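Descriptive analysis of the structure
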Amino acid sequence: METRMILLVEDNPSDVDLARRALDKKGVLNELVVARDGQEALDFLFGTGPYAGRDTAVQPALVLLDLRLPKVDGLTVLGRVRADEGTRKIPVVILTTSDEDSDLDAAYSLGANSFIRKPIDFERFAEALSQIGMYWLVLNEPPPLNR
Amino acid sequence: MTAEAGTPAVQELQSRIDELQTELTTTNHEILSLTLELDQRVEERTAQLQAAQDELQRTNSDLLQLTLELEDRVAERTDEVRMLNAELERRVEERTAELAEVNKELETFAYSVSHDLRAPLRGIDGWSLALLEDYGDALDDTGRGFIRTVRAETERMAQLIDALLQLSRVTRREMRREVVDLTGLAREVAEELRQADADRRAEIVIVPGIVAHGDRTLLRAVLQNLLGNAWKFTNKREHARIELGIVLGPGQRAYFVRDNGAGFNMAFSSKLFAPFQRLHNTGEFPGTGVGLATVQRIIGRHGGRVWAEGVPDEGATFYFTLGGDHGDQDDPAGRGQPE
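Conventions and cut-offs
Residues numbered from 1 in each chain as written. Chains lettered and ligands numbered in written order. Predicted model: local features only at pLDDT ≥ 70, side-chain atom pairs only at ≥ 80, totals over all residues. Heavy atoms only, no water. Helix = DSSP H or I, 4+ residues; strand = E, 2+ residues; numbered from the N terminus. Buried < 20%, exposed > 50% of the residue type's maximum accessible area, 1.4 Å probe, protein only. Areas by Shrake-Rupley, 256 points an atom, 1.4 Å probe, with all protein chains shown as cover. Salt bridge = Lys/Arg side-chain N within 4 Å of Asp/Glu carboxyl O. Contact = heavy atoms within 4.5 Å. Polar contact = N/O pair within 3.5 Å; in protein donor to acceptor, adjacent residues only side chain to side chain. Buried area = accessible area lost by both parts, 1.4 Å probe. Expected span 1.5 Å × (residues − 1). Pairing = 2+ DSSP bridges. Axes fitted to C-alpha atoms, helices over the stretch in contact; angles between N-to-C directions.

**Describing the overall build of chain B**
Counting its secondary structure elements, chain B contains 5 helices and 7 strands. Counting from the amino terminus, helix and strand elements in chain B follow one another as α-α-β-α-β-β-α-β-β-α-β-β. Counting every position in chain B, which comprises 339 residues, the buried fraction comes to 32%. Here chain B displays about 21900 Å² of accessible surface, and carbon together with sulfur accounts for 55% of that area.

**Concerning the pattern of salt bridges**
Residue and element names in this part refer to chain B. Counted under the stated rule, the structure contains 32 salt bridges over all chains. We note a salt bridge from Glu 87 to Arg 90, for which the minimum N-O separation is 3.0 Å. Of this pair, Glu 87 and Arg 90 both sit in helix 1 (residues 8-135), separated by 3 residues, roughly a single helical turn. Judged by its relative accessible area of 30%, Glu 87 is partly exposed. Salt-bridge contacts for Glu 178 lead to Arg 216; the nearest nitrogen and oxygen are separated by 3.9 Å.

**Notes on the side chain of Thr 294 of chain B**
Residue placement: Thr 294 of chain B occurs in helix 5 (residues 291-301). Each residue touching Thr 294 of chain B, except ones within four places of it in the same chain, is listed here: Gln 166, Leu 167, Val 170 and Asn 225 of chain B.

**Concerning the environment of Glu 243 of chain B**
Residue and element names in this part refer to chain B. In this fold, Glu 243 is placed in strand 4 (residues 240-249). Given a relative accessible area of 19%, Glu 243 falls into the buried group. At a separation of 3.3 Å, a polar atom in the side chain of Glu 243 contacts the side chain of Arg 241.

**Re the interface of chain B and chain A**
Of the residues lining the interface, 24 residues belong to chain B; the matching set on chain A comes to 23 residues. Between chain B and chain A lies a buried interface of about 2200 Å² when both sides are counted; carbon and sulfur atoms form 46% of it. At the boundary of chain B and chain A, one finds 7 salt bridges. Between Arg 151 of chain B and Asp 121 of chain A there is a salt bridge; the shortest N-O distance is 3.7 Å.

**Let's talk about helix 1 (residues 13-25) of chain A**
Residue and element names in this part refer to chain A. Its 13 residues give helix 1 an end-to-end C-alpha distance of 18 Å, which sits within 8% of 18 Å, the value for a rise of 1.5 Å per residue. Every buried residue of helix 1 is accounted for by Asp 15, Val 16, Leu 18, Ala 19, Arg 21, Ala 22 and Leu 23. Of the residues flanking the start of helix 1, the one acting as N-cap is Asn 12, its side-chain oxygen 3.0 Å from the backbone nitrogen of Ser 14. Count one or two residues on from helix 1 and you reach Gly 27, which has phi positive near 75°.

**Regarding the sheet that holds strand 2 (residues 32-35) of chain A**
All names here are of chain A. An order of 2-1-3-4-5 is seen for the 5 strands of this open sheet, with the pairing classed as parallel. The strands lining the two open edges of the sheet, one partner per strand, are strand 2 and strand 5 (114-117). On average, adjacent strands in this sheet sit at an angle of 20° to one another, irrespective of strand direction. Where strand 3 (residues 62-65) and strand 4 (residues 92-96) come together, 3 bridges link them in parallel fashion. Across the sheet, the residue bridging to Val 63 is Val 92, located in strand 4. Each of strand 3 and strand 4 is contacted by helix 3 (residues 74-83), which is oriented at about 180° to strand 4, the strand it contacts most.

**A short note on helix 2 (residues 141-172) of chain B**
An α-helical turn contains 3.6 residues, so any two residues separated by three or four positions project in the same direction. Its 32 residues give helix 2 of chain B an end-to-end C-alpha distance of 47 Å, which sits within 8% of 46 Å, the value for a rise of 1.5 Å per residue. Taken as a whole, helix 2 of chain B has its buried residues at Gly 143, Ile 147, Arg 151, Thr 154, Ala 158, Ile 161, Ala 163, Leu 165, Leu 167, Ser 168 and Val 170 of chain B.

**Describing the pairing of strand 7 (residues 315-320) of chain B**
Residue and element names in this part refer to chain B. The element strand 7 is largely enclosed, with a buried count of 6 among its 6 residues. Residues Gly 315, Thr 317 and Tyr 319 of strand 7 are buried on one face, and the alternating residues Ala 316, Phe 318 and Phe 320, pointing to the opposite face, are buried as well. One ladder, built from 5 bridges, connects strand 5 (residues 252-259) with strand 7; its direction is antiparallel. Within strand 7, the position partnered with Arg 258 by the bridge is Thr 317. Here 6 bridges tie strand 6 (residues 306-311) to strand 7, and the two strands are oriented antiparallel to one another.

This is the structure:
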């Protein structure tokens, strides 16, 4: 079975590299696509802007979504993903520094599959990413492709 | 003329009559004179009275005028006061709105602190670990030690940020008062402490049947901090003893958490509840210095008071009251019984 990509929506380049390093270390081999703000994530998912012409039938197996993002924030991205027939079934894991009740509440209300608060300790961060990958990409049966 | 006309007796009588006649005339004159005087006086008095009455009438009419003026003024002033009141209310509303706005800004600030400070901290931790993993061989033990110190300091800063956020959350959280089983809460917290530090031995005595009126989540945080402190500061005691109980005062009661740990010097008691103030160094007893500040804010929000007594190397007792807590749901029969 072909491995499907992970879309990481994260604006902090250091966090992107750390996530990449953590996934490598834990042997998660899926291709990692990075969107640096909410608009870029939407463009990728819906094949618009710089991603015009992308085959939108091929969608990520998992979206790792930060909440505080430039241009379009994470909750708006989540809302748009859940509102569209082509993307609504994609598992979305909120991966953020926030543990504000209001964010948790809003994220789950909008249909987030999971909410992970990024630990500061890198080993725990790597462990969290590995468990997310293990659960959503290996253990969990993904929704069928819309081909 | 009769024979007796010339007698001395008659003459005497005649003379007496004449005298009386004269006297009468004089008296009549006097009476007349007095009557005239009286008439004059009556006229005078009448005139005076008339004048007085005229004066009174003028005064009355002046008074009436003044009363009317006064009423006008009172009405004016009342209008002014009413307008000022309305103005005052408007200002209070304005200020309240401003305060709410500032509070919201503070919330946003706390949120930013959470997000913005934690992210670079994770970078520092991650990349120093990457350095250790990928280039550790190129460093000697001292160099690798430095990296470990960087990571330990990062961890400490993360704890400080989390503590700060806990403090701000306690202030912002909506409060819901209910009847809270303080004994039950304390038992839960004590169990958590025992599980987190299974090697420790400490006697924890919790008075049964303590019921308080307050916000359950916030009171739990109070007990976590006070019992957690007692647990921490007794860790060098061979026979550590921690106690939760109540003392009844006139019309109010105070809850207390007592330990036989490191205690503190009463001279520094004013510093106990200020954020980031610590009376012990971090190496001896780790901590952020935010726990008691959190306790004070929570108790303050309940309209209560918190204070402490301590003796260095003998122990400390922290007391707190909760406003609007009348302590009528207690079962005092069980007081003082150890767990």
